[in-house]
Structures are given as structure tokens and as C-alpha cells.
Amino acid sequence: VIVLRFLVFALPFMFLGFITSPVLLAINQRLKSLYCAFFASLVNISLNAIFIPKYGFKGAAAVVILTQVTLFFMMCYYIYKCEKMSLSFKIMPNLILINIIFGFIALALKSLISIYYAIPLLIFIYFLLIYLSRCIDIRQLFFLLKIDKA
């Protein structure tokens, strides 16, 4: 239960990764996406080797958070570098608020329903919150969900 409280802080970066990863694929930067995943894996393995012996499962949870943050910011960097697309800082307060609300919803749901039902529901809630807060419009959402047939 303690670990889940830590991991809730990694969820926003995981869900933001669900946005940045398809963008890299959509702009034909599959190799950059692979570099990000590989580097994040190295960070994860290295930090686990350091933190787990000293801090146990709490250290492992902290490493997951650091890994997700690293992966997200690397993908943002490559998106900006390749397409000169960047996250607008005007929407950052909304995204922070959404992630805080999302964290509370995730904590509340964990005691109400099974994890198997909670995960798809949380994914839907997250994208709904992003859409309702006007951080993303319907055109951008369809762009992110576009499947590259190449």
C-alpha cells in the first residue's frame, strides 16, 4: 500500500508518456523513441542497483518515478528538436491541476473497484480531464491517436 502511494506520483508522467511516445512515432522518429526507452531503462537499472539495497521497495518506487520523469522529458526534447513542437507553458498550470485531481481520483478508486476496472477507467478520465480543461483539442487528440501505416 505504501508503494502505491509513491507510484501515484509516477502516473502523470506515465500518462504524459502516452502522449509523447505516439507523437515521436507519428513524426517518424521511431529510433529516437527507442533511444529514450533504452536510456530510461539504463537509468532504471542503475538507480535500482543503488537504491534497492539501501531503501528497499521505497527506493524502487522512487526510481520508477525518476525513470518516468526522465523518459518524459527526453521525449519532449526530441519532439522539440525534430519538429520544433513544444509544450505550451500556458497550459502547464492546467496540466498540474489535472494531475493532482487525477491522483486523488486514482487514490479514491483503488479502494472502490478492482485494479482491472480502474486502469481503463483512469485512462478515460485522464484524457477527458485533458480535453475538458482545453489543454488539447479534438484535432490534436485524433493526431495523437493516429496509427502510422508505414
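Quantities reported herein were computed from a predicted structural model and do not represent experimental measurements.

The helix and strand inventory of the protein chain stands at seven helices and zero strands. Ordered by position from the N terminus, the helices and strands of the protein chain form the series α-α-α-α-α-α-α. By residue count, 32% of the 150 residues in the protein chain fall in the buried class. Here the analysis covers contacts within the protein chain between residues at least 6 apart in sequence; of these, 73% occur between residues at least 24 apart. Roughly 9900 Å² of accessible area belongs to the protein chain as shown, and the carbon and sulfur atoms make up 73% of that amount.

Attention shifts here to helix H3 (residues 30–55). When the terminal C-alpha atoms of H3 are compared, their 35 Å separation across 26 residues agrees well with the 38 Å that a helix rising 1.5 Å per residue should span. The set of residues buried in H3 consists of Ser33, Cys36, Ala40, Val43 and Asn48. Just beyond H3, the residue with positive phi is Gly56, at close to 70 degrees.

Next up on the list: the environment of Val3. Along the chain, the position of Val3 falls in helix H1 (residues 2–7). Measuring from C-alpha to C-alpha, the distance between Val3 and Lys58 comes to 6.3 Å, with 55 residues separating the pair along the chain. The contacts of Val3, once residues within four sequence positions are left out, are Phe57 and Ala61.

By volume, the second largest pocket is sized at about 380 Å³. Around the second largest pocket, the lining is made up of 17 residues, and of these Leu4, Leu11, Ile115, Ile119 and Leu122 lie nearest the centre. A per-element tally of the lining of the second largest pocket places helix H6 (residues 115–132) first, with five residues. Grouping the amino acids of the lining of the second largest pocket by side-chain chemistry returns 16 nonpolar, no polar and one charged.

Moving on: the confidence of the model for the protein chain. Detailed reading of the predicted model is not advised wherever pLDDT is low. Chain-level pLDDT for the protein chain is 79 on average; 85% of the residues reach the 70-or-more range. Here helix H7 (residues 138–145) is the element of the protein chain with the lowest mean pLDDT, 67, and H3 is the one with the highest, 90.

Before going further, it helps to spend a moment on the side chain of Ser33. Within the fold, Ser33 resides in helix H3. By relative accessible area, which is 11% here, Ser33 ends up buried. Dropping the residues within four chain positions of it, Ser33 is found in contact with Ser21, Leu24, Leu25 and Met75.

Basis of the calculations
- Residues numbered from 1 in each chain as written.
- Predicted model: local features only at pLDDT ≥ 70, side-chain atom pairs only at ≥ 80, totals over all residues.
- Heavy atoms only, no water.
- Helix = DSSP H or I, 4+ residues; strand = E, 2+ residues; numbered from the N terminus.
- Buried < 20%, exposed > 50% of the residue type's maximum accessible area, 1.4 Å probe, protein only.
- Contact = heavy atoms within 4.5 Å.
- Areas by Shrake-Rupley, 256 points an atom, 1.4 Å probe, with all protein chains shown as cover.
- Expected span 1.5 Å × (residues − 1).
- 1 Å grid on protein atoms, 1.4 Å probe; cavity = no way out; pocket = protein on both sides within 12 Å on 5 of 7 lines; lining within 4 Å.
- Points joined across faces, edges and corners; volume = space filled by probe spheres on them.
- Nonpolar A, V, L, I, M, F, W, Y, C, P; charged D, E, K, R; others polar.
- pLDDT = per-residue confidence, 0-100.

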